Every structure is written in C-alpha cells, then in structure tokens.
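What follows is each chain in one-letter form.
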Amino acid sequence: MVSIQLDMIQTAGIGALALLAGMALTRRLDFLQKFCVPSPVSGGIIFSFLTLALYGWADVEVSFDGTLKDVFMLAFFTSVGFQSDLKVIKQGGRLLVIMLVLLVAIISLQNLMPMGITRLMGVDPLIGMAAGSISMTGGHGTAGGFASVLESLGLHGAGTIGMAAATFGLIAGSMIGGPLAERITRKKLTHEQMQPQDEEIDPAMAGIESDEASPTGRTKRISTNEQEFQQYAKASYCILLVMGAGTIMSWLLAKTGVTFPTYFGTLILAAIARNIIPDKHLDMERIISVGNICLSLFLGMAMISLKLWELQSLALPLIVILVSQVVMMALFAYFVAFPLLGRDYDAAVLCAGMCGFGLGATPNAMANMSAVCYKYRYTVKPFLIVPIIGAMFADLINTGIITLFLNIFV
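Please read these numbers as outputs of a predicted model, since none were measured by experiment.

Student: What should I look at first to understand the overall build of the protein chain in this one?
Tutor: Counting secondary structure elements, the protein chain contains 15 helices and two strands. At a minimum sequence separation of 6, the contacts of the protein chain that also span at least 24 residues come to 81%. Accessible area for the protein chain stands at about 18000 Å²; split by element, carbon and sulfur atoms hold 66% of it.

Right, here's the structure in full:
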C-alpha cells in the first residue's frame, strides 16, 4: 500500500477545486438543482470516488490534512451563532413555538431510533449517532463538526459515515416533502381551506426560496466596492474575534468532563454576543455570507477526505437506519405535526418544510414549500417560520441534544 499525504495548503486547494467543479455541475445538471444538493457535495463526491478508485485498483491511499478544514468549520458555526437572535421568536408567534417543540421531538427520535436499531443488529451504537440527528437535522456541516468527537469515542470512519448519511438525507428530504404535503392537501383539507386568504402578501417574500435562507438576507443594499470591502472585512473580523474567544470557552467546557463538539464554545459565545450587541454594530448579512463561504470550503475539504471503502462493512445497518429515518419523518409529519400545527393549509406547507430541514437543510425546506405553493397558492407564515427555525435554532437545539445523548446514552 502506497500512502500519499497532502498538507493543509494542498488540501485546501483541492477542496476549492472540488467546490468549483460542483458549481459547474450544478449549473448543468437539473437534478442537482431540484434536490438542492450543495456544490461542495456534488463536486467533492467525485474526488472521493477518485480516491476510492486509487485505493481499490492502484493500492494507493491518499490522506488529507484537516487543519484548515477545522478552521473553516469553526468560522461557519460562529456565523450560525450570530444568527441566534432571540427577539425574532415573537415574529413567528404560536406556530413558531409549536415548530420548536416539534423540532426537539424530531431530533430526539432521530437519535433514539437508530440507537435502538444498532442494539438490535449488534453493531456499535455510535453508528446510530452518526446516522442520527447529527447528519439528518444537522446535515453535512454538523456531520463534519462531530466527526472528530465520534472518532475520539471509538467510531472509525465517523466522518465518512456522517457525510454519506447527510447526502442520503438531503436527497430523501427533497423527495418526500412535496409529495407528503400534496397528499395532506388532497386528503385532509376542504375546498374552503384552500381558498386564498384575505391578506396582503409581501411580493418580496415570494423570492425567498431563491434568496438567502436567513431573514436578515432579505434586505438588499447597494454600495460601492470600497464599502463592500469594509463591510466584509468587519464581518470577518467579528467572526475571528469570537472564534478566538470561543476556543477558550471550549477549553473550559472540556474541563467539565462533558463531551462537547469543538465548535460549541464559539457557537454559544456568538449567540450571546448577538443578543447583547446592538444590531447596528453587526452587519448580519455579511457575517452570514462569510460564514457560507467558510461552510463551502469546509464541505469541499470534508468531502474529498471521505474514505468510502470504510462503508463496506457498515452497508446493511446504515441502510436500515437511513430508510427508517425517512419513514419516521414522513409518519411524524403526517400524523403528529400536521394536527398540532392546525390542520390547515399553512400546516400542510410547514410539513413539507419540516421534511426538508429535518432530513436535509433549510434550502431543501424552502424548495419543498415553494413546490407546494406553486401548485396551490402562496402563504406567508411558513416562509417566515422555517428560515428562523433553520438559521437560528436548529443547530443550537441539535447540538445540545446530541451532546446529551453522547454523555448519557453512549
């Protein structure tokens, strides 16, 4: 076996190349756009198959340095923390509160069910955690963030398992969300409930699905190049400052003996900063943009680092867990979420969104809801609530519940 070790600069360069390749593929392949597959994922999977071919046919193992990958991961989760503005919970009202409760239930079930399956099949319960809410609600970002934690607990190939599960969930969430809402609409709603409501619809809301998912991304600004540079520079400095301080908080959290992901300190510190610093001092649109750039680079490097040959022995239990996750999400949305959300058209659209971010990501949720609204009629509340859930609360709640499970049940 020949081993090739690439350093952190070479790894970053190939990760960026994978990202650019994914962007080119997404522009040309309709199904990638339909399922909202992130460009780093589509491009990175090509490189991971190349390394698989080298491993299987040429007896060559390519290894990548994860130093810069971890830096970009920390920057992304810091930007997520900055989006946690607790004041906006008032905008969603009762439906937002119900959705938050449902989110807690979904995340808990996504971890309980696979752990039960792994015990029945006699395999490591950490496999269940990797294919649980870490990769389902969490997606590729959280799967990459928890990979080192699961590896330290003894799960070999945790990053590969998490990324594979997240990719499956991303596609499955897009496939079941629209059809499920369509069935609810046909079977559960009356003709009167389908009539347009007497409300004025903000035309800007209709384009959210093709815009930034966060509510802060709706405001458009026109500025000179120099102003843009200053705004992005300030956003980058804010992220770096909190990242630096957050590492100290992570170190203190580690002293408690409780297992936390490496990004948890920066995530919490950024959330605290967002809620004590006046909004005028934070350019949230640029902070989100910088965070998204870092996420793309992190995913690109994470995807090229996948060792797909490590999945061979885990194929059966992983497939059973992932199929069970999809079935559970569909049943939960149909029989639990829809009645609790009010049994009306808004509830049906929210169920489509729930399948999107519960198995994939917020853009999937927006795409699912847009498909339903395109066929029937537009409604405002789901397009307000789902971005708030996805951008501000999902990662915080998910990280807390995952940490609880890792320290109590594993």
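Next comes the rest of the account.
Student: Even after reading the chapter, I still don't get the environment of His 140, so can you show me in this structure?
Tutor: Position of His 140 among the secondary structure elements: in helix H7 (residues 139-152). Residues His 140 and Ala 164, 24 residues apart in the sequence, show an inter-C-alpha distance of 8.8 Å. Setting aside anything within four residues of it in sequence, one finds His 140 in contact with Val 41, Met 163, Ala 166, Thr 167, Leu 170, Phe 298, Leu 299 and Met 303. Here the side chain of His 140 touches Thr 167 through a polar contact of 2.9 Å, side chain to side chain.

Student: It is not clear to me how the layout of surface pockets should be interpreted in this structure. Could you clarify?
Tutor: Gaps between atoms show up when a probe of the same size as a water molecule is rolled over them. A volume near 490 Å³ is recorded for the second largest pocket. Lining the second largest pocket are 26 residues, and of these Lys 69, Ala 147, Glu 151, Gly 159 and Ser 305 sit closest to its centre. Those elements giving two or more residues to the lining of the second largest pocket turn out to be strand S2 (60-64), helix H4 (67-82), H7, helix H8 (158-188) and helix H11 (284-304). Here the lining of the second largest pocket takes five residues from H7, the largest share from any one element. Its residues assigned to classes, the lining of the second largest pocket shows nine nonpolar, eleven polar and six charged.

Quick notes on the rules
Residues numbered from 1 in each chain as written. Predicted model: local features only at pLDDT ≥ 70, side-chain atom pairs only at ≥ 80, totals over all residues. Heavy atoms only, no water. Helix = DSSP H or I, 4+ residues; strand = E, 2+ residues; numbered from the N terminus. Contact = heavy atoms within 4.5 Å. Areas by Shrake-Rupley, 256 points an atom, 1.4 Å probe, with all protein chains shown as cover. Polar contact = N/O pair within 3.5 Å; in protein donor to acceptor, adjacent residues only side chain to side chain. 1 Å grid on protein atoms, 1.4 Å probe; cavity = no way out; pocket = protein on both sides within 12 Å on 5 of 7 lines; lining within 4 Å. Points joined across faces, edges and corners; volume = space filled by probe spheres on them. Nonpolar A, V, L, I, M, F, W, Y, C, P; charged D, E, K, R; others polar.

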